[in-house]
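Residue-level listing of the chains:
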Amino acid sequence: LKVNYFKVDASIITDESLRRSLRGATLTTDDIGSIWINDELGNTVHFTIGHETYHYLKRTFPALAADLDRVLDANIKWNSPEYRAFYEAHLEGYSAAHGEDASARIADEYRAFVMGEVFNEASFWNRLQRKNPGLFQRVIGYLSRVISSFTGYKGKYKTAATRAIAQIEEVLDTASSV
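Criteria and cut-off values
- Residues numbered from 1 in each chain as written.
- Predicted model: local features only at pLDDT ≥ 70, side-chain atom pairs only at ≥ 80, totals over all residues.
- Heavy atoms only, no water.
- Phe/Tyr/Trp six-rings, centres within 6.5 Å; stacked < 30°, edge-to-face > 60°.
- Buried < 20%, exposed > 50% of the residue type's maximum accessible area, 1.4 Å probe, protein only.
- Axes fitted to C-alpha atoms, helices over the stretch in contact; angles between N-to-C directions.
- Helix = DSSP H or I, 4+ residues; strand = E, 2+ residues; numbered from the N terminus.
- Parallel < 35°, antiparallel > 145°, perpendicular 65-115°, else oblique.
- Left-handed = near helix turned anticlockwise from the far one by under 90°.
- Contact = heavy atoms within 4.5 Å.
- Nonpolar A, V, L, I, M, F, W, Y, C, P; charged D, E, K, R; others polar.
- Expected span 1.5 Å × (residues − 1).
- Bend = angle between axes of the 7 residues up to and from the residue.
- Core = buried A, V, L, I, M, F, W, Y, C linked by side-chain atoms within 4.5 Å.
- Salt bridge = Lys/Arg side-chain N within 4 Å of Asp/Glu carboxyl O.

(A) Just the packing of aromatic side chains, in detail. Per the counting criterion, the structure on display carries 12 aromatic pairs. Here Trp 78 and Tyr 83 contribute two aromatic rings whose centre-to-centre distance is 4.8 Å and whose plane-to-plane angle is 85°, an arrangement assigned as edge-to-face. Taking relative accessible area as the criterion, Tyr 83 reaches 8% and is therefore assigned buried. On the numbers, 5.2 Å between centres and 75° between planes, the contact of Phe 124 with Trp 125 is edge-to-face. Accessibility expressed as a relative area gives 0% for Trp 125, which makes it buried.

Listed below in structure tokens is the structure:
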């Protein structure tokens, strides 16, 4: 599934090589940003939407992302074995791609991972609402537009779109309960 942030159109990834390898990706150029979601690789849609929404906010709205970092950091133990293992697993590739910026990029990737994990938890939405109500509303509005972008699919992709809508509605229900 592909979601464009501003036009918020959705499409299903049909390229078989991408379906075998791509869990999700955020692509931003100027004022256009897209999330690509693979519905076949085991991640829930709300995990992937949460994960990729973090990357989008980090690239597009750094001031809002700084507030989001503070909310997410409440869930992260930076000295934990889990983070150290994550860091080590990503260090070589990130060092080659980002040089001296590798450690910061790995930390951001871990935050995105954590955001995916907590995206359907009331405690996350409650902290986000208290810390930055504007960011909370921006993400809620975005999710509402994403839902509308998934309507109208037919055939074999209708099931994937229906699952995506249901999972995003779960996130909205969780967020609206705070």
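(B) A look at the packing of helix H2 (residues 45-60) against helix H3 (residues 62-73). Two elements in contact, H2 and H3, have axes whose closest approach is 6 Å; the angle formed by their N-to-C orientations is 135°. Relative to H3, the element H2 lies oblique. Relative to H3, the crossing made by H2 is left-handed. Seen from H2, the contacting residues are Tyr 54, Leu 57, Lys 58 and Thr 60; seen from H3, they are Pro 62, Ala 65, Leu 68, Asp 69 and Leu 72. A per-class count over the contact of H2 with H3 returns six nonpolar, one polar and two charged.

(C) Geometry of helix H4 (residues 81-98). Its 18 residues place the ends of H4 24 Å apart at the C-alpha level, agreeing with the 26 Å of an ideal helix rising 1.5 Å per residue. Of all the bends in H4, the greatest measures close to 50° and is centred on Leu 91. Burial in H4 covers these residues: Tyr 83, Phe 86 and Tyr 94. Buried-residue contacts for H4 involve helix H5 (102-118). Phi turns positive, to about 55°, at Gly 99, one or two residues after H4.

(D) How the structure looks around the nonpolar core. Grouped together as the largest cluster of nonpolar side chains are 41 residues, with contacts concentrated most on Leu 68, Phe 119, Phe 124, Trp 125 and Leu 143. Sequence-distant contacts of Trp 125, that is, excluding residues within four places in its chain, are made with Phe 119, Asn 120, Phe 136, Val 139, Ile 140, Leu 143, Val 171, Thr 174, Ala 175 and Val 178.

(E) Structural context of the packing of H3 against helix H6 (residues 122-131). H6 packs onto H3 with a crossing angle of 140° between their chain directions and a minimal axis gap of 10 Å. Regarding the angle of H3 to H6, the classification is oblique. Seen from above, H3 lies across H6 with right-handed handedness. Between H3, through Asp 67, Leu 68, Arg 70, Val 71 and Leu 72, and H6, the contact on the second element is made entirely by Phe 124, Arg 127, Leu 128 and Lys 131.

(F) Structural detail: the environment of Trp 78. Structurally, the position occupied by Trp 78 is in the loop between H3 and H4. Each C-alpha atom of the pair Trp 78 and Ala 107 lies 8.9 Å from the other, and the pair is 29 residues apart in sequence. Those residues within four positions of Trp 78 in sequence are excluded, and the remaining contacts are Asp 73, Tyr 83, Ala 107, Tyr 110 and Arg 111.

(G) Examining the pattern of salt bridges more closely. The final tally for this structure, using the stated rule, is seven salt bridges. Two residues, Asp 69 and Arg 111, come together in a salt bridge whose shortest N-O distance is 3.8 Å. In this pair, Asp 69 is assigned in helix H3 and Arg 111 in helix H5, connecting sequence segments 42 residues apart. By the burial criterion, Asp 69 is buried, and Arg 111 matches it.

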